[in-house]
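Geometric and topological summary
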Amino acid sequence: MRRLIALLTIAASPLLAEPLPRADAVFAEPDMDAVRLGQLLFYDPILSGSRTVACASCHHPRFGTSDGVSLGLGDGALGIGPEMRLDPENPPEQRIPRNAPALFNIGAEEFTHFFHDGRLESDPTRPSGIRTPLGADMEQGFVSALAAQAMFPVLSGDEMAGHYSENDVAQAVRRGMLTGPGGAWAILAARIEAIPEYRSAFDMVIGPRPVTFADIANVIADFMVFEWRADDSPFDRYLRGQGDLPEAARMGMDLFYGKARCATCHAGQFQTDHGFHAIAMPQIGPGKAARFERHNRDIGRMRVTGDPADAYAFRTPSLRNVTATAPYGHSGAYADLRAVVEHHLDPVASLEVYEFASALLPGGGFASDRAVLDDPVEMAAIADANRLEPIRLTEAEVDALLAFLDALTDPVALTGRLGIPDTVPSGLKVPQ
């Protein structure tokens, strides 16, 4: 990859420097009773079909609120992070199709699109105020798109629901019974209602009425807003006039908002324009396909909009605490931060020389792992969709960019404000 940098071409007309963002992100101030209740539910495997997977299994502070691997294993895995392995008595049907995104700052008001393809988003024209894959079947009561997205993984057989016939939630999902009486969400809400400690905690938050699934999602969202707010990095303090950056980070900042053109997409205080861009990111694993489809490609935003112009476009990730959130890309193709930065310098050339060994895939090999990489037609389609122009940077300039990215780290947010509970009301094992 070092040799690749020397071959890159520089755009003929360099862009003007982008202005620095303002440190003015707006966050809701959640009720602490709701936050503490959300913390317990976030770490409790009770919300998975087989009671083995918690939200924290794939979004853990040990791994920068992700899971430390390119593509996780979800239901049917033992352990978390790079140590996860297949359960020989209940192996997963496939890997989780996309890399687990980090959770930092997703409670800021500017975050209105969720998941790598933005398939769940705020939409004031809809009765619920949220556009989701469930459409008109979406239940009411979710206070935000953040709350709604927090609970869609429980409907995924690969992630939390489990395999068909192994539990009541998985059976409901396979029959298409997601919402309403007898649906997967109602089953999970009844589980929580039946645990006295949870029932008492919800009394403090919603009063004595029955607990709905939306109530569960809302308090988990409150917890995420509070726990992983990350707006006190050296860069934030610099923007607020509270200190300077080290020389290397300052040089990287100048490149980020100038010659390197990073801020064209990684804009704003949290380094995201919240848009969707095709940058020839390598595709590994099963891809985001429906159960009846027999392919492994992942067309990204196009799956949501149906617009061919959105083919292979994925949401611009925030770069907060990015040094701790490896691997990178919608499929976690790059386990190294420098490698993914270098990919941005010439995405097509980088795609052509991508090495599968760059990924971190636990649990041995799956047939789908290399399917797209070994398909010349699909690789050409990914390359053709690229919209990022090549740019030339020296090794020293890449070093400076990495120093600036390190200055986006908020150590308090990395560890979390409440931390990991020792126990949860269900009595199930907390992911540690």
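As annotated in an unreviewed UniProt entry, the protein is Cytochrome-c peroxidase from Ruegeria pomeroyi. Note on the protein: under the UniProt heading Subcellular location (unreviewed entry), the record states "Cell envelope".

Our next topic: the pattern of salt bridges. Enumeration over the complete set of coordinates arrives at 27 salt bridges. Here the salt bridges do not stand alone but share partners, grouping R98, D117, R119 and D298 into one network.

As a further point, take the packing of aromatic side chains. According to the stated counting rule, one finds 16 aromatic pairs in the structure shown. Pairing Y43 with F223 gives two aromatic rings, centres 6.3 Å apart and planes at 70°, and the pair type is edge-to-face. A residue pair is termed long-range when its members are at least 10 positions apart, and Y43 in the loop between α2 (32-42) and α3 (55-58) and F223 in helix α9 (residues 213-227) qualify at 180 residues. Each member of the pair, Y43 as well as F223, carries the same accessibility label: buried. Both rings, one in F235 and one in Y257, keep their centres 6.2 Å apart while their planes meet at 15°; by these two values the pair is stacked. Of the two residues, F235 sits in helix α10 (residues 234-239) while Y257 sits in the loop between α11 (247-256) and β6 (276-277), which places them 22 residues apart along the sequence. For F235, a relative accessible area of 0% translates into the label buried. On the accessibility criterion, Y257 (4% relative accessible area) is buried. Through successive ring pairs, a cluster of aromatic residues spans F42, Y43, F223 and W228. Geometry around F115 places R119 over its ring, the cationic atom sitting 4.1 Å from the centre. In this arrangement the basic side chain of R301 is found over the ring face of F276, its NZ or CZ atom lying 4.2 Å from the centre.

Reading the values: the criteria
Residues numbered from 1 in each chain as written. Predicted model: local features only at pLDDT ≥ 70, side-chain atom pairs only at ≥ 80, totals over all residues. Heavy atoms only, no water. UniProt positions renumbered as here; feature names shortened; annotations may be inferred. Salt bridge = Lys/Arg side-chain N within 4 Å of Asp/Glu carboxyl O. Phe/Tyr/Trp six-rings, centres within 6.5 Å; stacked < 30°, edge-to-face > 60°. Helix = DSSP H or I, 4+ residues; strand = E, 2+ residues; numbered from the N terminus. Buried < 20%, exposed > 50% of the residue type's maximum accessible area, 1.4 Å probe, protein only. Lys NZ or Arg CZ within 6 Å of the ring centre and 35° of its normal.

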